[in-house]
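# Structural overview for review
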Amino acid sequence: MELFSIILLLVLIVSLSGVVVKMLPIQIPLPLMQILLGCILAAFNVYVEFDPKLFLVLFIPPLLFADGRKTSVKDFIYNGREIIGLALVLVVISIIALGYILYWILPNVQLAACLALAAVLSPTDAVALSGIVGKGRIEKEKMEIIEGEALMNDASGLVSLNFAIAIAVGTLQFDLLQISMTFFIVAIGGLAIGVLFTWLYARILRKINQLTHNDPAIQIVLLFLLPFAAYIIAEEFHCSGILAAVSAGMTVNHSGMMRNAPLTARLQSDSTWSMLTFVFNGFVFVLLGIQLPSILNNTFAENQIDKSIEVWQLCLIVLFVFAVLMGTRFAWLWAMKHMPAMPFGTKRPLAFRAYSTRDLLISTFAGVRGAITLAGVLSIPISISGRYQLVFIAAGIILISLITAVIILPILLRGSVILDNSEQHNEILTVKGHMAEEAITSLEKMQNNLLQETSETGLDQEIIHEIGSRVIGSLRRRTGLKDLEQKALEAENLERRMRLVAIGAERTALLQMKVRNEVSEEVYEHLNTDLDIYEKMISGDA
């Protein structure tokens, strides 16, 4: 019962965190507010036992799956070299460089443990970044690279962590060739399992939908289970469960799983996933805040026994490690900016070639650390000497990276266009025109067929002409958007407003009939749901 009460309390705190952020006179990013609220809960003796393995299974797969669903496979492949350069090469460089530096400055901590800490400090957190800078503040092309990096370096960092822990506890001997081969097998295996399992899952779900007559609730629940299933199956085959969840998310849109689903199921699925990702993201940062006081208390307690280092020295090490991380990241970005075109299937230079110094700094400080770093460092076995130092440093890096990004990124982004929709807007107009032309052709064929079949169907020719002219006329306005854009948009907006007013009047009439007991509860719910779906379609939110 106590655990259930804590879960309800955490859900409440996550929900209120968004309200608190809106009410404050100063703008505080949502992740930092949630961490602060977690610390406040810990001050009132609210504590949740943190199981890193359970955390990784419970929270990370659905969040990465949701991010994967929003990632364009085309853009991801287009930015593949840049993403690999950051998510793989930079991770390896950071682990080696930072690992040996930590081994040099941390007494009584073996090299493998230092490499383990360097591995957990490598993954970046795009979710925390979005909460800090807001949507659209970083250019779309740059944000795609940062988000792609965050999707991939979670896996590379955690796989490297597992190798480092195995070496530290003595279950694995250091063999660079063997580790490299195993790393690629684990990564490629995870990606392949995610793709293949999702395609199979989509076909099974299609059969289930036929048996259940496309019940939206069943579809949504089964879709929610997909990232967990992909993660667990990949881990059972000793592959990367994280990459399996990512590739499952990127594959699900191409599998036709939701594209072929009824409208009701698609709308409910989007709403459900939006709610779940908000709650799960909030849980991650609130739990991080709850853990921080216990990490500090444990550090002071352990430090009383360990006389080889002082707490103030650990604080300086945190600052130094953060400087090394940011310096290494900036240096690698600068190096990729000056790299010649690489013969990897294209002579196109890396996107970093066009980056200014400000762009390099933005990409550097955009590499904030978050939940994966905390879960990774807490998974380091207690038996490893100096573990409390590693946990303290990781927690400090998370906080400093978030706070630094809050301060520096708005300064670097000052004066930049928040969201330039002109190019996307023009593309939308062009595509809508082509869509309308195809629709007009199909409707004209349908109208001719109906006119030929009026004697059999019993339809009035005047009705066919009236409805056909109205629908086709509306579509013709779209084909002229390039030349008559303003007039056509005004006509569409006026029609939308009038339809929304009509829907509102229908809803009011339906409610009044329900109050007068002139309609049953079942009919009321059915018709009200139809109005909600129609309103969502008309308003353009579907």
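That block above? That's the structure.
A brief structural summary. (Residues numbered from 1 in each chain as written. Predicted model: local features only at pLDDT ≥ 70, side-chain atom pairs only at ≥ 80, totals over all residues. Heavy atoms only, no water.)

## Thoughts on the overall build of the protein
Our working definition: A run of H or I in DSSP counts as a helix once it spans at least four residues, and a run of E counts as a strand once it spans at least two, with each numbered from the N terminus. Under the scheme applied here, a residue whose accessible area is under 20% of the maximum for its type counts as buried, over 50% as exposed, and between as partly exposed, the area being computed with a 1.4 Å probe on protein chains only. What makes two residues a contact is simply this: any of their non-hydrogen atoms within 4.5 Å. Accessibility throughout is a Shrake-Rupley quantity obtained with a 1.4 Å probe, and a residue counts as covered only by protein chains that appear here.
Scanning the protein for helices and strands turns up 22 helices and zero strands. Evaluated residue by residue, the protein yields a buried proportion of 46% over its 542 residues. Residue pairs in contact within the protein that sit at least 24 positions apart in sequence constitute 80% of those at least 6 positions apart. Surface exposure of the protein reaches about 28700 Å², of which carbon and sulfur atoms provide 64%.

## Some words on the side chain of serine 122
Here is the rule we go by: Polar contacts, as used here, are pairs of N or O atoms within 3.5 Å; protein pairs need one atom able to donate a hydrogen and one able to accept it. Residues neighboring in sequence count only if both atoms are side-chain atoms.
Looking at the element boundaries, serine 122 is found in the loop between helix H7 (111-120) and helix H8 (126-133). Relative accessible area serves as the criterion here: at 5%, serine 122 is assigned to the buried category. A polar contact is formed between the side chain of serine 122 and the backbone oxygen of alanine 118, at a distance of 2.8 Å. Discounting chain neighbours no more than four positions away, the residues touching serine 122 are Val91, Ser94, Ile95, Asn153 and Arg369.

## Topic: the pattern of salt bridges
Rules: The working definition used for a salt bridge is a side-chain nitrogen of Lys or Arg within 4 Å of a carboxyl oxygen of Asp or Glu.
In total, this model carries three salt bridges according to the counting rule given. Ionic pairing is found between lysine 142 and aspartate 359, a salt bridge with its closest N-O pair at 3.8 Å. One end of the pair, lysine 142, is in helix H9 (residues 140-168); the other, aspartate 359, is in helix H15 (residues 357-365), with 217 residues separating them in the sequence. We note that lysine 142, like aspartate 359, is buried.

## Some remarks on the side chain of serine 401
Summarising the element assignment, serine 401 is placed in helix H17 (residues 387-413). Beyond its immediate stretch of four places on either side in the chain, serine 401 contacts Phe322, Val368 and Arg369.

## Observations concerning a nonpolar patch on the surface
Our working rule: Each patch is built from residues lacking any salt bridge and having more than 30% relative accessible area; the joining distance is 9 Å for like charges and 5 Å for nonpolar side chains (Val, Leu, Ile, Met, Phe, Trp, Tyr).
Together, Leu12, Leu16, Val19 and Met23 make up a nonpolar patch on the protein surface, roughly 390 Å² of accessible area in all. Inspection of the secondary structure puts valine 19 in helix H1 (residues 2-23).

## Points about H9
In plain terms, the rule: Helix span, as expected, comes to 1.5 Å for every residue beyond the first. Bend, at a single residue, is the angle you get between axes fitted to the 7 residues ending at that residue and the 7 residues starting at it.
In a regular helix each residue adds 1.5 Å, so 29 residues correspond to 42 Å; H9 covers 41 Å between its end C-alpha atoms and thus fits that length. The sharpest bend along H9 reaches about 30° and sits at methionine 152. Here H9 lies mainly inside the structure; 24 of its 29 residues are buried.

## Points about helix H2 (residues 30-43)
For H2, spanning 14 residues, the distance from its first C-alpha to its last is 20 Å, which sits close to the expected 20 Å at 1.5 Å a residue. Looking at H2, one finds that the buried residues are Pro31, Leu32, Met33, Gln34, Ile35, Leu37, Gly38, Leu41 and Ala42. Two residues or fewer after H2 comes asparagine 45, characterised by a positive phi angle close to 65°.

## Observations regarding the environment of valine 21
In this fold, valine 21 is placed in helix H1. Taking relative accessible area as the criterion, valine 21 reaches 19% and is therefore assigned buried. Residues valine 21 and methionine 33, spaced 12 residues apart in sequence, show a C-alpha to C-alpha distance of 7.1 Å. Excluding residues within four positions of it along the chain, valine 21 makes contact with Ile28, Leu30 and Met33.

## Focus: the packing of aromatic side chains
Rule in force here: Side-chain rings of Phe, Tyr and Trp (the six-membered ring for Trp) are treated as a pair once their centres are within 6.5 Å; stacked means planes under 30 degrees apart, edge-to-face means over 60, and tilted covers the remaining angles.
On inspection of all chains with the given rule, the structure shows eight aromatic pairs. Taking 5.9 Å as the distance between ring centres and 40° as the angle between the ring planes, the aromatic pair formed by phenylalanine 59 and phenylalanine 283 counts as tilted. Highlighted residues: phenylalanine 59 in the loop between helix H3 (52-58) and helix H4 (60-70) and phenylalanine 283 in helix H13 (residues 263-305), separated in sequence by 224 residues. In this structure, phenylalanine 59 and phenylalanine 283 share a single accessibility class: buried.

## With respect to unusual backbone geometry
In this structure, asparagine 108 takes a positive phi of about 60° despite not being glycine. For asparagine 108, the position within the fold is in the loop between helix H6 (80-105) and H7. Notably, histidine 238 is not glycine yet its phi reads approximately 60°, a positive angle. Mapped onto the elements, histidine 238 comes out in the loop between helix H11 (216-236) and helix H12 (241-252).

In short, the description is geometric, and any link to function would need to be established separately.
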